[in-house]
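Per-entry structural report
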Amino acid sequence: MNYQPLLLNFDEAAELRKDLGKETLLGKALARDIAQVAAYAEEVGIEVPGHGEAGGYEHNRHKQNYIHMDIAGRLFLITEDVKYRDYIVDMLTAYANVYPTLESNVSRDTNPPGRIFHQTLNENMWMLYASCAYSCVYHTLSDDQKSHIENDLFKQMIDMFVVTYAHDFDIVHNHGLWAVAAVGICGYAINDQESVDKALYGLKLDKVSGGFLAQLDQLFSPDGYYMEGPYYHRFSLRPIYLFAESIERRQPELKIYEHNDSVIKTTTYAVMSTAFPDGTLPALNDSSKTISIKDEGVIIATSVCYDRYEKNETLVSMADHQDNVWVHAAGKTLSDAVDVATDIKPFSWGSLFVTDGPKGDKGGLTILRHRDEQDDDTMALLWFGQHGSDHQYHSALDHGHYDGLHLSVFNRGQEVLHDYGYGRWVNVEPKFGGRYIPENKSYCKQTVSHNTVTVDQETQNEFNTAIAESRFGSKHFFKTEDAKLQGMSGKISEYYAGTDMQRSVLLADIEEFEKPLVIDVYRIKADKEHSYDLPVHYKGQIMRTDFEYDLEPTLRPLGDKFGYQHLWNLGSGKVEGSSLVSWLHGSSYYSLITTAAKESEVIFTRTGANDADFNLRSEPALILRQSGQDHVFASVLETHGYFNESIEASIGARGLVETVKTLSDSDDATLIEINTTTGNVYRFAISNRAEAEQDTAHEVTVDGATYTWTGAFARV
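Bear in mind that the values here come from a model prediction, so they are computed numbers and not experimental data.

**Observations concerning the sheet that holds strand S4 (residues 406-411)**
Two pairing modes exist for strands in a sheet, parallel and antiparallel, and in both the strands are linked by backbone hydrogen bonds. Read from one edge to the other, the open sheet built from five strands follows the order S1-S2-S3-S4-S5, with strand pairing classed as antiparallel. Where the open sheet ends on each side, the last strands, each with one partner, are strand S1 (352-355) and strand S5 (414-417). On average, each strand axis in the sheet is tilted by 20° relative to the strand beside it, whichever way the strands run. As paired elements, strand S3 (residues 377-383) and S4 share five bridges and run antiparallel to each other. For Leu382, the partnering residue across the bridge sits in S4 and is Leu407.

Here you go:
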């Protein structure tokens with residue numbers, strides 16, 4: 001017969017069979033999958049539970065059923081062991097026996113429910129994976145078996161998605177992407193081209209109002225960035241690649257991988273390139289702190305990009321880090337490449353700027369990366385894109401956070417300055433059913449939970465999604481030609497009424513220092529006086545300060561709203577000139593030195609106040625507080641020293657940077673000075689001119705000394 005499984009044809013399966021028992025990435029993936037399916041089948045067998053809430057027993061059982069059917073399908077083709085075929089047929093038959101009689105589940109939010117799950121998103125995922133498994137055993141089924149599974153299960157599911165919930169099917173959104181991919185893949189699996197066409201071109205078949213092609217054309221910025229951030233972006237990769245592979249195999253004339261200037265590759269590289277050196281993805285907007293490039297979608301994308309787009313050394317490094325490949329023909333190609341590689345460096349996508357917004361005109365994300373001789377990567381990330389929500393779909397899906405000009409820093413294998421992420425325990429039923437906890441809004445989305453300035457202890461854009469969606473930042477400069485001195489800068493305006501902000505970050509590799517200095521110049525221009533807070537979220541233990549401080553005898557919250565109600569006020573100290581706080585994180589010491597004007601204050605704080613259910617992680621932060629009209633927070637983050645308790649070693653516990661000063665600030669330029677304990681002085685200048693005017697000559701005179709340079713920034 002002519003029918004071929006969707007994602008792995010018979011000839012490809014025979015090639016993958018050769019890796020059984022081998023220590024290649026593919027061989028290890030096969031061994032893992034074989035053990036996983038055997039354990040699940042033995043423990044659970046064929047079970048179709050009833051309804052349950054998100055994260056409950058029933059939810060997880062349905063989810064594990066489709067996961068293991070999908071794995072079993074490919075194992076059947078590869079091993080030719082009939083037990084995998086029987087497992088899939090028995091499971092699909094069991095669902096087909098009950099699906100027509102099931103009532104809708106109970107929705108816990110604004111998402112429409114399915115018959116199995118509390119929201120159709122999960123039902124889409126179930127049908128997508130079950131359809132892939134079905135295609136692997138289709139050629140072994142009798143006509144009666146096909147009729148039962150298709151008529152009493154798959155066709156009824158398709159009808160729910162394209163008829164009952166037609167108003168959601170064509171929405172250009174992450175959830176809509178799963179819907180069209182599920183219907184399209186199912187359509188291919190059961191030979192229903194009419195459903196495939198709806199999935200490809202939308203219910204109107206116009207390729208614009210909905211469908212997979214519209215998703216690819218409208219969902220991402222020209223640089224491939226997805227507005228909701230890397231966490232949701234990586235979630236979109238699975239339906240994109242699973243459907244694209246199916247299209248390429250069933251309708252190769254569509255040239256799906258070339259569509260819209262190879263947008264699939266562009267958007268994949270966009271999310272991969274945001275990863276920290278340890279593989280975790282930055283927590284921009286509602287995001288987990290543990291999602292990494294070991295996510296299933298990224299693993300699939302890594303394999304397919306290497307096989308279909310380019311034999312890229314960075315993708316080989318990615319696969320080596322993932323220690324995994326997709327069990328697929330593309331995965332074999334990449335596994336073979338890793339197997340023969342002799343010197344695989346840690347992955348790095350280098351420094352980059354990616355635009356946000358469908359037309360690339362709504363700010364973006366800049367990343368500076370520096371690799372030293374020990375292959376240690378220092379990375380700094382500055383965020384100034386659009387509010388990360390898609391309000392047109394569901395108000396409950398406002399995943400956006402209010403943190404324009406947020407800064408994250410990573411080096412020595414750990415995130416040094418970090419974002420809290422979201423408030424949620426996915427699928428942990430005792431914690432609010434695995435859904436977002438109330439503190440996600442009352443703390444995690446608030447500006448104070450990020451490393452950016454709050455004005456008058458309030459949240460940017462009034463914590464109003466409609467207002468936030470109307471505003472976005474802009475790039476001030478991004479220059480990375482000189483590996484010794486890279487710089488990035490962004491601006492936001494009117495996130496607070498009458499206030500403009502510009503944040504410039506330099507990565508300066510100077511011989512005297514162990515690691516590049518992270519120089520952070522946060523400039524505020526306002527039409528009246530305010531109180532400015534710059535939170536600095538870190539991990540570790542305070543080692544020393546260069547100022548006196550008082551501890552609070554009684555714990556009390558730092559404020560009563562805008563996230564401050566969840567911060568304990570642990571203590572504070574008045575500072576003038578500049579302040580130094582040093583802490584130990586892992587085996588490394590870090591010192592943050594920040595300029596201070598009169599009446600400046602450093603506040604020590606920790607999350608956990610007004611948290612009756614212990615929902616928040618207990619994490620420390622510094623808050624640098626300053627009152628006035630215009631102000632410049634100029635900071636230097638120095639990485640230094642080494643600590644190893646097992647051998648009682650502590651080296652370089654005191655850094656070299658002693659003070660930081662703002663020598664001059666005007667609409668033309670800002671000049672800062674860094675003084676060290678060794679007597680060395682380093683001065684850095686930053687242009688405040690419009691980007692088009694930065695490459696002309698600058699001149700600043702301070703105390704009779706004149707400093708000149710050309711460009712957006714310079715060491716002077």
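Let's pick the thread back up.
**Here we look at the environment of Asp533**
On the secondary structure map, Asp533 appears in strand S11 (residues 530-537). Assessed through its relative accessible area of 0%, Asp533 is described here as buried. If we ignore the near neighbours within four places in the chain, the residues touching Asp533 are Thr452, Val453, Thr454, Gln457, Tyr564, Ile623, Leu624 and Arg625. At 2.8 Å, the side chain of Asp533 forms a polar contact with the side chain of Tyr564.

**Concerning the packing of aromatic side chains**
The geometry of two aromatic rings is summed up by the distance between their centres and the angle between their planes. Counting across every chain of the model gives 27 aromatic pairs. Aromatic side chains Tyr188 and Phe243 sit 6.3 Å apart centroid to centroid with 55° between the ring planes, which places their arrangement in the tilted category. Taken together, the residues Tyr188 in helix H8 (residues 174-189) and Phe243 in helix H11 (residues 230-250) connect sequence positions 55 residues apart. An aromatic cluster of at least three residues, connected via ring pairs, comprises Tyr3, Tyr134, Tyr138 and Phe154. Across from the ring centre of Phe432, 4.8 Å away, lies the NZ or CZ of Arg435, which sits over that ring. Above the plane of the ring of Tyr420 lies Arg617, whose end atom (NZ or CZ) is 3.9 Å from the centre.

**Some points on the packing of helix H4 (residues 82-98) against helix H6 (residues 143-164)**
Close contact between H4 and H6 brings their axes to 8 Å; oriented N to C, the two are set at 50°. One way to sum up the angle between H4 and H6 is to call them oblique. Crossing of H4 over H6 shows left-handed handedness. The segment H4 lies against H6, with Arg85, Val89, Leu92, Thr93, Tyr95, Ala96 and Asn97 engaging Gln145, His148, Ile149, Asp152, Leu153 and Phe154. For the contact of H4 with H6, the residue count by class is seven nonpolar, four polar and two charged.

**As for the pairing of strand S17 (residues 631-640)**
Along S17, 10 of the 10 residues are buried, which leaves the element largely enclosed by surrounding structure. Residues of S17 alternate between two faces, with His631, Phe633, Ser635, Leu637 and Thr639 on one and Val632, Ala634, Val636, Glu638 and His640 on the opposite face, all of them buried. Taken together, the seven bridges between strand S10 (residues 517-526) and S17 define a ladder with antiparallel strand orientation. Residue pairing for S17: Ile524 is matched across the bridge by His631. Pairing of strand S15 (residues 588-607) with S17, which is carried by six bridges, proceeds in the antiparallel orientation. Paired with Leu592 across the two strands is Leu637, which belongs to S17.

**Describing the pattern of salt bridges**
In the structure shown here, the tally under the stated rule is 38 salt bridges. With a shortest N-O distance of 3.9 Å, Lys198 and Glu194 are connected by a salt bridge. Residue Lys198 and its partner Glu194 are located together in helix H9 (residues 193-201), separated by four residues, close to a single helical turn. With a shortest N-O distance of 3.9 Å, Lys525 and Asp667 are connected by a salt bridge. On the criterion of sequence distance, the pair formed by Lys525 in strand S10 and Asp667 in the loop between strand S20 (657-665) and strand S21 (669-676) is long-range, its members being 142 residues apart.

**Considering the nonpolar core**
Within the largest apolar cluster, 121 residues are counted, with the highest numbers of intra-cluster contacts made by Leu92, Trp126, Leu153, Phe154 and Tyr241. The biggest single contributor to this core is helix H5 (residues 120-137), with 12 residues. Discounting chain neighbours no more than four positions away, the residues touching Leu92 are Met69, Trp126, Ala130, Tyr134, Ile149, Leu153 and Phe154. Core analysis: the next-biggest nonpolar cluster, separate from the first, contains 40 residues, Phe478, Met488, Val505 and Ala596 among them.

Criteria and thresholds
Residues numbered from 1 in each chain as written. Predicted model: local features only at pLDDT ≥ 70, side-chain atom pairs only at ≥ 80, totals over all residues. Heavy atoms only, no water. Pairing = 2+ DSSP bridges. Helix = DSSP H or I, 4+ residues; strand = E, 2+ residues; numbered from the N terminus. Axes fitted to C-alpha atoms, helices over the stretch in contact; angles between N-to-C directions. Buried < 20%, exposed > 50% of the residue type's maximum accessible area, 1.4 Å probe, protein only. Contact = heavy atoms within 4.5 Å. Polar contact = N/O pair within 3.5 Å; in protein donor to acceptor, adjacent residues only side chain to side chain. Phe/Tyr/Trp six-rings, centres within 6.5 Å; stacked < 30°, edge-to-face > 60°. Lys NZ or Arg CZ within 6 Å of the ring centre and 35° of its normal. Parallel < 35°, antiparallel > 145°, perpendicular 65-115°, else oblique. Left-handed = near helix turned anticlockwise from the far one by under 90°. Nonpolar A, V, L, I, M, F, W, Y, C, P; charged D, E, K, R; others polar. Salt bridge = Lys/Arg side-chain N within 4 Å of Asp/Glu carboxyl O. Core = buried A, V, L, I, M, F, W, Y, C linked by side-chain atoms within 4.5 Å.

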